[in-house]
Amino acid sequence: MSSDGFHIDIKGFPELKRKIQELDKDPAKKTEILGILRAVAGSTVSKAKELAPVSEKDHLVSGKRTRKMIRPGNLKRSIGTITGKRGAAVENPTIYVGPRAKGNFDGWYGAMVEAGHNVYRNSKKYVVYKRKKTKRTRNSLERVRGKGVNSKVGFVPGWFYLKKAYAATNGNVTAESASKVARYIQRRIDRL
């Protein structure tokens, strides 16, 4: 009671406060907000697919474990939404837009196309073992460290297709996601 004799008693306020606190712990909330963010990110995905470069020919990728052909348009097909699972995404629902590399997608090289990469020569190096000349291939670590002559041959510049897609859709996505999340929260409060 205040000093002027005026007193207000709100009925049901403790119950409303409890329900709002329960809303914070609701596991369905994260799933529903992820769905909203995926829908909002659709415009950025379509713009990134539009800006992604397409090769004119197949590329052979071979290593110690695999050997396969990468078809033209593979990067474009692999661009989509990725659900964040580490770092801040553990607590906050997070959706990333970029090339996917899991499942049926082979967009593992998307970062190299985005920002550019160095090109190294896979040259041979002669080594003398017990008065006998043998040829061995230098490993990738020696190439990167620059041991040997002309280890780095050139640099392939990046396309920055994701950066351009984000810049083209940034204002729309931010405003749309804010309004959709606000509507979702309002719906949840109305259900209380």
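Keep in mind the model is a prediction, meaning the values are calculated, not measured.

Participant: Got a sec to walk through the side chain of N74? Specific residues and values, please.
Facilitator: Locating N74 in the fold gives a position in helix α3 (residues 74-78). By relative accessible area, which is 13% here, N74 ends up buried. Ignoring any residue separated from it by four or fewer positions in sequence, one finds N74 in contact with D106 and Y109.

Participant: Report on the pairing of strand β2 (residues 67-70), specifying residues and quantitative values.
Facilitator: Strand direction decides the pairing type here: strand β1 (residues 59-62) and β2, joined by 4 bridges, are antiparallel. Its bridge partner being in β2, V61 is matched across the sheet by K68.

Participant: Just give me the short version of helix α2 (residues 27-51), but keep the residues and values in it.
Facilitator: End to end, α2 covers 36 Å across 25 residues, agreeing with the expected 36 Å (1.5 Å per residue, within 8%). A maximum bend of about 40° is found in α2 at G42. The set of residues buried in α2 consists of I33, L34, I36, V40, A41, T44, V45 and A48. Next to the buried residues of α2 lie β3 (79-83), β4 (95-99) and α6 (161-191).

Reading the values: the criteria
Residues numbered from 1 in each chain as written. Predicted model: local features only at pLDDT ≥ 70, side-chain atom pairs only at ≥ 80, totals over all residues. Heavy atoms only, no water. Helix = DSSP H or I, 4+ residues; strand = E, 2+ residues; numbered from the N terminus. Buried < 20%, exposed > 50% of the residue type's maximum accessible area, 1.4 Å probe, protein only. Contact = heavy atoms within 4.5 Å. Pairing = 2+ DSSP bridges. Expected span 1.5 Å × (residues − 1). Bend = angle between axes of the 7 residues up to and from the residue.

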